[in-house]
Structures are given as C-alpha cells and as structure tokens.
Amino acid sequence: MTTTLPLLGQTPALPADPSMLPASARGGLPTTPFGLYVHVPFCATRCGYCDFNTYTSDELGPGANRSEYAGTAIAELRLAAEVLGPGRPPVQTVFVGGGTPTLLPAQDLVAVMDAVRELFPVAPDVEVTTEANPESVTPESLATLRAGGFTRISLGMQSAAEHVLAVLDRRHTPGRAVQAAHEARAAGFEHVNLDLIYGAPGETDADWQASLDAVLAAPVDHVSAYALIVEQGTRLARRVARGELPMPDDDVLADRYEMADRTFGTAGLGWYEVSNWARDRAARCRHNELYWANANWWGIGPGAHSHVGGLRWWNVKHPAAYADRLAAGLHPAADSELLTPEDQALETVLLGLRLRDGLPLTALSAAGRARAAESVVRGLLAAAPHEAGLAVLTDRGRLLADAVVRDLTD
C-alpha cells in the first residue's frame, strides 16, 4: 500500500525544505540515473481522443498565458535544484512533452534548457527531447532548437490517412509529418521519432500499411505505435457512446500490431519495449528507459509527476494554479505518496516485463516464477532467456502483455 504524505510545501518551513525527500531517497541520489520532464500544457486544439492535462487558449484564464510559461517552469527548476541540493546527480535526460511544446517560441524552450545547464550538473551526452506536432515546427524553429542543445525530436504523426486524422481531430495534413522529419534531420537532430496510433474507427488494413510505409520513407531511427484507447471524458468517448463511431476491435488491434512489428522488423527497426522500435541501441529513447527502470526524475509543470527514491508526487493540474503557487513561493505539488518496498517491487515487474531486455526472474515471487515457467510452455515467454534467468515476452506474449503481467504478479 502507498502512504499519503502531507501536501508538499504546506508546512511552516521553506517551500524547498529538504525534508521533503526521505533519507532513503537522498542516499541513492548520487548513484541513481536522473532525468527531468518538462510539461508544456498548451495545445492549439483538443484532439478528440486525448485525456492529457492540456488546455487550449479558450480554456485558460489569467495567469496561464504562453508568454510567461518558460519563466514559470524555470522557477520550478530552481526549486528542484534547491530541494535536491549539492548531492544531486548529473541530468542524463531532459524530455519536453505536452501538450504541444513547440507552440512556445523555440527560444523559450532553449531558455528552459539553458536554465537546466545553469542549475544542474549535466551529463556530456545528455539526451534532450521535445515532442512536436508536425504543423508547429518550421526549418527555422528546428534549427534554433538544435543549436540550443536539443538532440531528439518526437513528432506526432498518428496516421498517413486523411480520414483517420479527421476522426482523431488532428490538424496536420497527410505527408506533413514526414516532411517535418526531413526538416529535423536537416537541422541536425541526431534522433527523430514518429508517433503512430492504430485502430481508429474507419481505418483499414491498407490505411495502416500506408502509414507504416510513410514512416519508413522518413529519416527516422525510432517509431512509437500505440493502440487507440477510448478514454472516458473525451470527445471520442462521447461519439462512441452516441453510436456515431464504433469501439476499436481487439482482434483488429492485434492484427495492426503484428503488421507494424513485421514491417518495422523487415526494415531494421527492432522492438525494445512493447510499443517502441529503434534502429539500434543508440536510437532508443533513454528518457523512457529511465522511467521503465524506476530511476529518478523530477516533473516540471502543471500536473507533472515526479519520482525520487520511492517518493512520488504530482503537481496541481491547472496552469494558473501552478503559476500562482510558484509565484507565492510554494511548492506546486498537489499530493504525494511514499512507495513501500512491495510497491516498488511490483512496479519493477510491471515495467520490466514490457522490455525486450527482459526481467530477471529473481524479481518475481516464488509463485510468480512458477507461473513464468508455465508461461514458457504456453508460448508467452521465450524459452532461451528463461533458461538464462530472464522473463522475455514472445511475439504472442507481447499481444497479451497486460495479461502476462497480471499472471506473474501476486
């Protein structure tokens, strides 16, 4: 069970009171990989399937405008540096996500990265990623980002079919994502990713294959592909509930996944996490690997989640409330929880089983190890890695990854 702690910053002590972090977390700080996530909550329009903590201009009131956001994020970066103290480790990765980070001027994103370098020790080979919508970047903005230290870009392509983009309420035109990938390479980005979504209502096998082919025609070394999930409270969910659109079909989703894995594999992109493929180890998203390894990260921005040494906290969600708390000298956290050793062991299994590198069988309970052996017989876990002490999903196991995780955990 998790233990809820008092709201951070609600004691009479300074907002950056080091007691926010338990001694166990401080002890592991110097030796545990550390990254920063910066959430940019702005979007030009709200996509019908999205339930992320994002806002359009019409949804925001005073105190939450884009022009001041970089300064507000930098204020939390200063707080993070003070809380973590002089023993803080080098930043290995920075990931700017959203929302649409590139709705901010490129120079604002560079200013945030400049602040990171001012406030934290930074690894010489730091990976710096920004997400972007294809229509929100230009050759000029990409050149500014690259010159400012960004090494990786993740572009939201979703589909190459115009009618699928319409169902998803995406604004870019087919072909723009591939063009933006070329522009990013020309600007000098070392790593370029395209995001895809499969299983949208009205998508055919031919539509999906065309999207896969379009990705491979782009200069990318990484692809992410996710099954469409109908999240409660979204416009898509309301349309499905009214019968305007059908729910995604599980069998179709499985077929789409197999098509993607086969197409990417033939082109030399290998899976390293259930929903992610990379050209080689250097092309993997190191920031996501940090999450999957249960390492440490500080989340900057409204609604952002952080994890340091078993302490997890999350910021207030609305950008205006977030800005107000920082302006008042308060920590922006809404609440927190201290993970027990049992919680952390469970998360290690939940995350590790999704990775091609595998999960050590020693991370499982005795009952879990017995069920892992049964999963090998059932064709869900690979036999050779199992003999070497690792649980690695087979192709069939990846299709049933959630079920395998449930089966191997107590």
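Calculation notes
- Position labels on residues start from 1 in each chain and follow its written sequence.
- Under the rules for a predicted model, residues below a pLDDT of 70 receive no local features and side-chain atom pairs below 80 are neither given nor counted, while totals for whole chains, interfaces and linings still include all residues.
- Neither water nor hydrogens contribute to the side-chain values; these are computed over all heavy atoms in the structure.
- Each helix is a run of DSSP H or I of at least 4 residues and each strand a run of E of at least 2, with the numbering of both proceeding from the N terminus.
- To get the radius of gyration, use the C-alpha atoms; to get the globule rule, take the number of residues to the power 0.38 and multiply by 2.2 Å.
- For each residue, the accessible area found with a 1.4 Å probe, counting protein chains only, is set against the maximum for its type, and the residue is called buried under 20%, exposed over 50%, and partly exposed in between.
- Residues are treated as being in contact if the distance between any of their heavy atoms lies within 4.5 Å.
- Throughout, the Shrake-Rupley method with a 1.4 Å probe supplies accessible areas, and for residues the shown protein chains are the sole cover considered.
- Think of it this way: DSSP has to see at least two bridges between two strands before they count as a pair.
- In this document the domain limits rely on a domain assignment from an automatic tool or a database.
- Accessible area, probed at 1.4 Å, shrinks when two parts are joined; the buried area is that loss added up over both.
- When a carboxyl oxygen of Asp or Glu lies within 4 Å of a side-chain nitrogen of Lys or Arg, that pair is called a salt bridge.
- Note that Gly is not counted as nonpolar here; it falls among the polar residues with everything else outside the nonpolar set of Ala, Val, Leu, Ile, Met, Phe, Trp, Tyr, Cys and Pro and the charged set of Asp, Glu, Lys and Arg.
- Pairing of aromatic side chains here covers Phe, Tyr and the six-membered ring of Trp, requires ring centres within 6.5 Å, and sorts the geometry by plane angle: under 30 degrees stacked, over 60 edge-to-face, intermediate tilted.
- Note on geometry: a ring has a charge over it if NZ (lysine) or CZ (arginine) is within 6 Å of the ring centre and within 35 degrees of the ring normal.

Details of the overall build of the chain
- Helix and strand counts for the chain come out as 16 helices and 15 strands.
- Relative to its length of 410 residues, the chain is compact, with a C-alpha radius of gyration of 21 Å against a globular reference of 22 Å.
- By its C-alpha atoms, the chain is 55 × 50 × 45 Å across when sized along the principal axes.
- By residue count, 54% of the 410 residues in the chain fall in the buried class.
- Put simply, 72% of the contacts in the chain that link residues at least 6 apart link residues at least 24 apart.
- Working note: accessible area of the chain is about 17100 Å², and carbon and sulfur atoms make up 56% of it.

Some remarks on the pairing of strand β8 (residues 270-273)
- Relative to strand β9 (residues 276-278), β8 is paired through three bridges, and the arrangement is antiparallel. Bridge assignment links W271 to a residue of β9, and that residue is W277.
- Once β8 ends, the chain turns through two residues before running back antiparallel as β9.

Focus on the pairing of strand β12 (residues 311-315)
- Buried residues dominate β12, accounting for four of its five residues.
- Pairing of strand β11 (residues 305-308) with β12 involves four bridges; the strand directions are antiparallel. Its bridge partner lying in β12, H307 is registered against R312.
- The antiparallel pairing of β11 with β12 creates a hairpin that spans two residues between the two strands, and G309 there sits at a positive phi of about 55°.

Concerning the domain arrangement of the chain
- By domain assignment, the chain separates into domain 1 (15-293) and domain 2 (340-409).
- Averaged C-alpha coordinates put domain 1 and domain 2 at centres separated by 27 Å.
- Contact residues are listed per partner, giving 15 residues for domain 1 and ten residues for domain 2.
- Interface area for domain 1 against domain 2, summed over the two sides, is near 1200 Å², with a carbon-plus-sulfur share of 55%.
- Of all residues in domain 1, W271, V274 and W292 bury the most surface against domain 2, accounting for 52% of the area lost on that side.
- Close ionic contact of D357 with R284 constitutes a salt bridge, the shortest N to O distance being 3.2 Å.
- Put simply, the parts of the chain that give the side of domain 1 that touches domain 2 at least two residues each are α9 (250-266), β8 and α10 (286-292).
- Considered class by class, the residues forming the side of domain 1 that touches domain 2 number eight nonpolar, two polar and five charged.

Observations concerning the packing of aromatic side chains
- Counting across every chain of the model gives nine aromatic pairs.
- Plain terms: the ring middles of W298 and W313 are 4.8 Å apart, the flat faces sit at 80° to each other, and that makes the pair edge-to-face. In this pair, W298 sits in strand β10 (residues 296-300) while W313 sits in strand β12, placing the two residues 15 residues apart along the sequence.
- The class of W298 is buried, set by a relative accessible area of 0%.
- Aromatic rings pair up to connect Y257, F264 and W277 into one cluster.
- For R88, the ring lying beneath its charged end belongs to F120, and the centroid distance is 5.6 Å.

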